[in-house]
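Working through the structure, step by step
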Amino acid sequence: MTFVPRRQSDVAPRSAVSNGQRAGTAIKGAPAGFFLNPAAILVLMLSLFPFLFSLGMTFTNWNLLYPGVDFRALENWRRLFDDETLGRAVRNTVFFTTAATILEYVLGLMLAILVLQIKRGQRFFRLIFLLPMMISPAAVGYVIGRMLFSETQGPINNILFRLGLPYVPWTSNPGVAPWTIVVADVWQWTSFMFVLLLAGLQSLPGEPFEAARVDGASNWQIFTQITFPLLVPVTVTAVLIRSLELFKLIDLVRVITAGGPGTATQTVTLYVYDLALTRGDMGYGATVAYALLIIVILYATFYLWLTRRAVEKVA
Amino acid sequence: MSKLLRRNLAYVPLIIWAIVILFPLYWMVITSFKLPIDINRGVSYIPWVDFVPSLHAWQDLLQGAVPIADPLRNSFLAATISSIAAVGLGGMAGYGLSRFQYRWGPWRNKDIAFWFISQRMLPPAAAILAFMIMFKYLHLLDSVAGLAIAYTGFNLPFAIWIMRDFFLALPRELEESSLVEGASWLTTFWRIVLPLSVPGLAATGILLFIFSWNEYLFASLLAFEKAKTMPVTIAGMATAIGIRWWLMSALAIVSMVPTVLLGLLLERYIVRGLTAGAIK
């Protein structure tokens, strides 16, 4: 008879939390490993091996241009601290990550709030704002970075000229070039923030807003005291994902400025690429990659520690 | 009157941002209809007014002056195979993590799930050099199979994370009653779980397809010639002599069409896939 279990299931709450808590009670006789192991083995093979192998490389002087590989202990790791290009690359990477994440978040949030306020054309704007995410960063780099911002043949300088404004050295001036990269990244990835924040706004409960409106709160008060605090969890995730991606930035920079002028837009990942593939210096390239890995892990740990309090305060 | 004005004020920034997004796309389209001489002569904006549109870039593509059939096929195969494989394996792992208690030494389900997603946080630069060597010895360099395997590996953690969230939110009463009625766990998974998870699997699959289709860094290192993909082909229009803007624009449009169409048609699913895990 199936009578008793059925009645139980009818009474059981249907929330995600209860499912999680009761994990392990449903499927008897099923080999749990059948579900998890294939994925676990593949991820182990494709990520653990490369990372261990790279770690081994950091202790050698392996260079593709010269024969022979010798063990060099921590020589590569010591080299990190005297490497001026690396210092510059780290500062640039931190700048790109900070500037682009903040701009993308603020723009994405503003656009999401505004889209929800309009009556007609909501779907039209949503679809258009989603577009940049669908395009390959390589194409975005060439079309935006190289074509639009071309200093002599690009429409942007041409429009500035027609308006009687001065030419801007978008990619040839070391002070301007980093901002050109940021603009290209913002163009492409504000869409990501927009999508996440729009979904976040739509999933907010209605009651606090109605109560605030009854109390005569201004729009600004509602935003700072209700909307934003309720959005903290989504914000934490969205900012984490975008900043981790930006730490790895290479596509756009490689296409738009190739790290130049000089080292003005060099990023850590691009530097690894140059070291290993242009100069053949695999040992040191792997060491720089590992240094980035350590920075990212420290950053993510610190970020999660810092934001956990903010999230807990809301919940 | 002022109320009307204020309500419509929201349109101003929205329209500005829409222009910011559409102008580069417009520029790409008109550039693909320009002759080299039009580009060198100066900046021109409006076809038939500023310059005479020409089909020569598109003719070049159609006549195979720049081979695109192979890159399109390579991109399609690598993206399709890897997203199906990642969604299949990731769906199973996500289901397992939402329904069973695992123990890997001191690690429980939560730690295992975090271990998976942390694989995606790591900078690819550390892995890429080892990948090239590994693939060289496995004879997977410059092959679609190699690219598909690499993409499956990158996409898998993401798929597991999304699908685990999806299954946690899926009520399990149906599975329970199926089991109680004497169906085997395999039948239950096949008949009950799989049909219910189609929306989640589809959303994840579309996202992963778009990521893989657009991926450039690994493709440029692991598949440079025979297995060349669309993004690598686009970048290849930048030669030592200069950039062939008209061809590059046409290529970029061709490579955009599938993902943009997917994006527009399945916007709802993409949003759902992206927001799984981010919104509770």
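All figures in this text were calculated on a predicted structure; none of them were measured in a lab.

What about the nonpolar core?
Counting residues in each nonpolar core, the largest one holds 158 residues, and the members touching the most others are A:Leu197, A:Val288, B:Leu147 and B:Leu222. Looking at which element gives the most residues to this core, the answer is helix 8 (residues 144-168) of chain B, with 16 residues. Both domains that furnish three or more residues to this core are identified here as domain 1 (2-62) and domain 2 (69-275) of chain B. Not counting the four nearest positions on each side in its chain, B:Leu147 is found in contact with B:Ala78, B:Ala219, B:Leu222, B:Ala223 and B:Ala227.

Thoughts on the interface of chain A and chain B
Contact with chain A, which involves 89 residues of that partner, is made by 83 residues of chain B. A total of 16 residues in the side of chain A that touches chain B trace back to one element, the largest contributor, which is helix 3 (residues 32-57) of chain A. Here the side of chain A that touches chain B is composed, by residue class, of 66 nonpolar, 17 polar and six charged.

What about helix 15 (residues 267-275) of chain B?
Among all positions in helix 15 of chain B, only B:Ile270, B:Arg272, B:Gly273, B:Leu274 and B:Thr275 are buried. Turning to helix 15 of chain B, the residues buried within the fold contact helix 9 (177-202) of chain A together with helix 8, helix 11 (198-214) and helix 14 (245-265) of chain B.

Observations regarding the packing of helix 8 of chain B against helix 11 of chain B
Residue and element names in this part refer to chain B. It is the contact of helix 8 with helix 11, at a shortest axis distance of 10 Å, that shows an interaxial angle of 150 degrees. Classed by the angle they form, the pair helix 8 and helix 11 counts as roughly antiparallel. Taken as a pair, helix 8 and helix 11 cross one another with a handedness that is right-handed. When helix 8 is examined against helix 11, the residues Tyr-151, Asn-155, Phe-158, Ala-159, Ile-162, Met-163 and Phe-166 are found in contact with a partner set consisting of Gly-200, Thr-204, Leu-208, Phe-211 and Ser-212. Of the residues belonging to the contact of helix 8 with helix 11, the class tally is eight nonpolar, four polar and no charged.

Observations concerning the packing of helix 7 (residues 137-148) of chain A against helix 14 of chain B
The N-to-C vectors of helix 7 of chain A and helix 14 of chain B enclose an angle of 140 degrees; their axes lie 10 Å apart at closest approach. When the interaxial angle is binned, helix 7 of chain A and helix 14 of chain B end up oblique. Between helix 7 of chain A and helix 14 of chain B lies a crossing of left-handed hand. Contacts from A:Ala139, A:Tyr142, A:Val143 and A:Met147 in helix 7 of chain A reach B:Trp245, B:Met248, B:Ala252, B:Ser255 and B:Met256 in helix 14 of chain B.

Calculation criteria
Residues numbered from 1 in each chain as written. Chains lettered and ligands numbered in written order. Predicted model: local features only at pLDDT ≥ 70, side-chain atom pairs only at ≥ 80, totals over all residues. Core = buried A, V, L, I, M, F, W, Y, C linked by C-beta atoms within 7 Å. Buried ≥ 20, exposed ≤ 12 C-beta atoms within 10 Å, placed from the backbone. Helix = DSSP H or I, 4+ residues; strand = E, 2+ residues; numbered from the N terminus. Domains from an automatic or database assignment. Contact = placed C-beta atoms within 7 Å. Nonpolar A, V, L, I, M, F, W, Y, C, P; charged D, E, K, R; others polar. Axes fitted to C-alpha atoms, helices over the stretch in contact; angles between N-to-C directions. Parallel < 35°, antiparallel > 145°, perpendicular 65-115°, else oblique. Left-handed = near helix turned anticlockwise from the far one by under 90°.

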